[in-house]
Each structure stands twice: as C-alpha cells, then as structure tokens.
Amino acid sequence: MAAVRVLGSGGIWSVRRNRPARVWLAEGAPRWWTVVVVNWETEPLDVSLPLGALGLKGAMFDAYDVWRDAPVANLKGGLALALEPRAARTIAIRPAAARPQVIGTTRHVVQGAVDIADEIWDPTTRTLKAKSTNLDGRAYAVTIAVPKDCGREGARRTCRAR
C-alpha cells in the first residue's frame, strides 16, 4: 500500500494507519461520564471493561444506554456489552445515589453533563430539581435514575434513606 500525502493542516495520512481506539471516555461534568465502545470488526464482539481500568472509582453506578434509550442493569465493577459488527454503544455513567438523579437527556451525547445545571435533591419534600440550559425549539427529554429502595405511596414517589 502507498501513503497519501495531504497538504495543508492535515499532515500526512496513510491508508495503513491504525484504527481509532475501541473505547472512548469523556467526563462532561465532575463524576458524570460518557463511555463509547466501538466494534470496528466485521464480526460480533463481546466487550468486558473493568470500571477501575477506565478510572471510574466507586462501588455502584447508574448507567444509561444512550441510543437504546434504556438503563444498563447491574453496573458495579465492570461494563459488559455485546456489540454487533461495525457498531458502537454509548453509555452514560454516574455514581449511584440514594436518591433520584438525572442520568440522561436528549440534548447531547454526554447525556446532561452540558445541559443540566443546579441539580438539587430536597429530602424534606422528596423533590429533584434541575435547570436545563442550552435548549432550543427541538423536543427534549430527561431520564432519571431512581434507586430500587424508592417506592410509590399513593400518586407520589418516595425514597427511603439508606
């Protein structure tokens, strides 16, 4: 194979270059991460990533699969994903909380880390408040992780302290 020289700010590009990384990690806000795992191959791929190897410290996490619009269950020590050929998964991750918390939005790939401000839990009123910023006329949705020890009493959701 031959190398191709690109003039200008692009530098030298080669058709023999390495593939981009399989795992990408972005911390959009403190302790609010987005992990992208890519299968560059033509065969399905099972991926197992220890969270500690990604630099994520903690015992339990809330996670949300961005493109599947679904929570990721049992995210404790690692992230296990089945990837179709030439596919990617994008997972939003926050440390688990003993209260409801925002885990994703439809505004940006970093799932709320750039558009949610002032997220506050008031345990007295059992109310989660947050301000969404950088909005425009498009539809907008917020996904909230609710701990398993939260139940329903009447029409109002409640959480018990751990």
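About the thresholds
- Residues numbered from 1 in each chain as written.
- Predicted model: local features only at pLDDT ≥ 70, side-chain atom pairs only at ≥ 80, totals over all residues.
- Heavy atoms only, no water.
- Patch = residues over 30% accessible without salt bridge, like charges linked within 9 Å, V, L, I, M, F, W, Y side chains within 5 Å.
- Areas by Shrake-Rupley, 256 points an atom, 1.4 Å probe, with all protein chains shown as cover.
- Salt bridge = Lys/Arg side-chain N within 4 Å of Asp/Glu carboxyl O.
- Buried < 20%, exposed > 50% of the residue type's maximum accessible area, 1.4 Å probe, protein only.
- Helix = DSSP H or I, 4+ residues; strand = E, 2+ residues; numbered from the N terminus.
- Pairing = 2+ DSSP bridges.

> I tried to follow a nonpolar patch on the surface on my own but got confused; where do I start?
Together, Val142, Ile144 and Val146 give the surface a local cluster of nonpolar side chains, amounting to about 210 Å² of exposed area. Take Val146: its relative accessible area is 34%, and that puts it in the partly exposed class.

> Would you explain the pattern of salt bridges in this entry?
Close approach of charged atoms allows side chains with opposite charge to pair. Per the counting criterion, the structure on display carries 3 salt bridges. Residues Arg89 and Asp65 are paired through a salt bridge, measuring 2.7 Å at the closest nitrogen-oxygen approach. One end of the pair, Arg89, is in strand E9 (residues 88–95); the other, Asp65, is in strand E6 (residues 61–65), with 24 residues separating them in the sequence. Given the relative accessible area of 10%, Arg89 is considered buried. A salt bridge links Arg99 to Glu119; the shortest N-O distance between them is 3.7 Å. A residue pair is termed long-range when its members are at least 10 positions apart, and Arg99 in the loop between E9 and strand E10 (101–105) and Glu119 in strand E11 (residues 116–122) qualify at 20 residues. For Arg99, a relative accessible area of 21% corresponds to the partly exposed category. Among the ionic contacts, a cluster of salt bridges with common partners joins Arg94, Arg99 and Glu119.

> Mind showing me how you'd approach the sheet that holds E9 here?
Hydrogen bonds between backbone atoms are what pair the strands of a sheet, whose relative direction is either parallel or antiparallel. Strand order across the open sheet formed by 5 strands is E3-E4-E9-E6-E7, with antiparallel pairing between neighbours. Only two strands of the sheet have a single partner each, and these edge strands are strand E3 (23–29) and strand E7 (70–71). Pairing of strand E4 (residues 32–38) with E9, which is carried by 6 bridges, proceeds in the antiparallel orientation. Pairing of Trp33 across the sheet is with Ile93, part of E9.

> Is there a simple way to explain unusual backbone geometry in this structure?
What you tend to see is this: most non-glycine residues have negative phi, and most peptide bonds are trans. The backbone phi angle of Arg31 is positive, close to 60°, even though this residue is not glycine. Looking at the secondary structure, you find Arg31 in the loop between E3 and E4. Taking the relative accessible area as the measure of exposure, Arg31 reaches 40% and is therefore partly exposed. Notably, Arg126 is not glycine yet its phi reads approximately 55°, a positive angle. Take Arg126: it is sitting in the loop between E11 and strand E12 (127–132).

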